[in-house]
Amino acid sequence: MTDANDNSFLALFLEPVGKYLADETVSEIMINGKDSVYIERGGKIEETDAKFVSENALRAAASNIARSVGRPLDEAHPRLNARLPDGSRVYAVLPPLSRIGTVMSIRRFSKEALTMERLLECGSLDDGMYRLLRGLVLARRNIVVSGATSSGKTSVLNALSSFIPEGERVIVIEDASELRLQQRHVVPLETRKADRNGQGETTMRDLIRSALRLRPDRIVIGEIRGGEALDLLQALNTGHAGSMSTIHANSPLDCLRRLETCALLSGIEIPLYALRAQVAGAVGAIVHTARLPDGSRKIASVAEVLPLDGGEYRVRELRAWRTESVSPDGKVRGGFAKIADPTFLAEAAAYGIEF
Ligand SMILES: Nc1ncnc2c1ncn2[C@@H]1O[C@H](COP(=O)(O)OP(=O)(O)O)[C@@H](O)[C@H]1O
Ligand SMILES: [Mg+2]
């Protein structure tokens, strides 16, 4: 494994699904026990006829992958979340947690990152949204990308980051490195799990604190999942404008509630109204992503966060995707609509941004 892009060892361990590993059009391989393998291609899930000879063979493959990245996967550690040298992600769950034998999901790291221009070409957003997003980044609004799992959050965050002007110092914090910023002045930091003896853990919260001491112009956080939300909110409210992150949520409004819930996980006591004011004050805009029934991904909504009203969150949709019809074969028709002008139009004009 000297070559960082060599995943041939993966093909060796996972011979039954080798042809999907080699197929650039396959984005995810899902192994559900020895007899059932699904793949995702072009946003759609397909069943395959691939099979492993036995549960033991499948389990051995999972163990070998774990060993090759120096992580435990056994009775005592029955779940594995690993990044392979080529950037692919492997998630595995062993029986008896999984009731159908060893389960594994491999998300291939696409060699070509999706740029904003590429997203525009494939209809994930329109020109108006493109200009709006660019304006939000240039005007240093803090942005949270929300959406369901695999709706395209990380891809959109990565594309958004391309609007950050060259010359700014960007600190990137991730659990497992997925983002690839194009700027020259980027400092990527990655969390670390505790070793077998429970030593050496470095969390998102630790890294956010480190980032603040490293003179960031912007902080980009791969995904907010827990108490680090509070550290981030505090950083944003103390002047680190123009930061970006993603969070799992069902709508722009739900995104704010999820941030609040995550901040509460920090265990730090803070009155609810104060926390809500921090959330509403810190987040400038929410970019909500969705995977439609035909497998296509869209920026479903771009919303601005308004001040609290009677202690409740308020958002204002600026632009959104509107589905008009879904044909029997699942094809989705619709378009992007402008709903409102952003409140920072005058400020945007000062930056020379036009909508
Ligand atoms: N706009 C898009 N068009 C087509 N495929 C996309 C788009 N956005 C993301 N994808 C693909 O969808 C998968 C999940 O994307 P990702 O950004 O990792 O989602 P999330 O972070 O929400 O889990 C990846 O394989 C990615 O290449
Ligand atoms: Mg993601």
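Shown above is the structure to which this text applies.
Summary of the structure given here. (Residues numbered from 1 in each chain as written. Chains lettered and ligands numbered in written order. Predicted model: local features only at pLDDT ≥ 70, side-chain atom pairs only at ≥ 80, totals over all residues. Heavy atoms only, no water.)

### Examining the packing of helix H8 (residues 228-237) against helix H10 (residues 272-282)
Okay, so step 1: Contact pair H8 / H10: the axes reach a minimum separation of 9 Å and the direction vectors enclose 60 degrees. In this view, H8 runs oblique relative to H10, as classed from their interaxial angle. Taken as a pair, H8 and H10 cross one another with a handedness that is left-handed. Contacts between H8 and H10 involve Leu 230, Leu 233, Gln 234, Leu 236 and Asn 237 on the former and, on the latter, Leu 275, Gln 278, Val 279, Gly 281 and Ala 282. (Axes fitted to C-alpha atoms, helices over the stretch in contact; angles between N-to-C directions. Helix = DSSP H or I, 4+ residues; strand = E, 2+ residues; numbered from the N terminus. Parallel < 35°, antiparallel > 145°, perpendicular 65-115°, else oblique. Left-handed = near helix turned anticlockwise from the far one by under 90°. Contact = heavy atoms within 4.5 Å.)

### Description of the side chain of Ser 243
Okay, so step 1: Turning to its location among the elements, Ser 243 is positioned in the loop between H8 and strand S11 (244-248).
Okay, so step 2: For Ser 243, the side chain forms a polar contact with the main-chain nitrogen of Ile 219, separated by 3.3 Å.
Okay, so step 3: Those residues within four positions of Ser 243 in sequence are excluded, and the remaining contacts are Arg 141, Asn 142, Ile 143, Arg 218, Ile 219 and Leu 236. (Polar contact = N/O pair within 3.5 Å; in protein donor to acceptor, adjacent residues only side chain to side chain.)

### Observations regarding the packing of aromatic side chains
Okay, so step 1: Counted under the stated rule, the structure contains 2 aromatic pairs.
Okay, so step 2: Each ring, one from Tyr 130 and one from Phe 163, has its centre 5.3 Å from the other, and the planes form 85 degrees; the classification is edge-to-face. Taken together, the residues span a long stretch of sequence, with Tyr 130 in helix H5 (residues 127-138) and Phe 163 in the loop between helix H6 (153-161) and strand S8 (170-174) at a distance of 33 residues. The burial state of Tyr 130 is the same as that of Phe 163; both residues are buried.
Okay, so step 3: Relative to Phe 336, the ring of Trp 321 lies with its centre 5.0 Å away and its plane at 70 degrees, an arrangement referred to as edge-to-face. Within this pair, whereas Trp 321 is found in strand S14 (residues 312-326), its partner Phe 336 is found in strand S15 (residues 332-338), the two being separated by 15 residues in sequence.
Okay, so step 4: What makes Trp 321 buried here is its relative accessible area of 12%.
Okay, so step 5: The ring of Phe 344 carries Arg 141 above its face, with NZ or CZ at 4.8 Å from the centroid.
Okay, so step 6: The residue whose ring lies beneath Lys 298 is Trp 321, and the NZ or CZ to ring-centre distance is 4.5 Å. (Phe/Tyr/Trp six-rings, centres within 6.5 Å; stacked < 30°, edge-to-face > 60°. Buried < 20%, exposed > 50% of the residue type's maximum accessible area, 1.4 Å probe, protein only. Lys NZ or Arg CZ within 6 Å of the ring centre and 35° of its normal.)

### Some points on the nonpolar core
Okay, so step 1: Counting 33 residues, the largest nonpolar core has Met 116, Leu 125, Leu 133, Leu 136, Leu 160, Val 220 and Ile 299 as the members making the most contacts within it.
Okay, so step 2: Every element with two or more residues in this core is listed here: helix H4 (116-121), H5, strand S7 (143-147), H6, S8, strand S12 (285-291) and strand S13 (297-309).
Okay, so step 3: The biggest single contributor to this core is H5, with 6 residues.
Okay, so step 4: Beyond its immediate sequence surroundings of up to four residues, Val 220 is in contact with Leu 157, Ile 164, Val 170, Ile 171, Val 172, Ile 173, Leu 179, Leu 181 and Met 244.
Okay, so step 5: With 31 residues, the next largest nonpolar core counts Leu 232, Leu 256, Cys 262 and Ile 286 among its residues. (Core = buried A, V, L, I, M, F, W, Y, C linked by side-chain atoms within 4.5 Å.)

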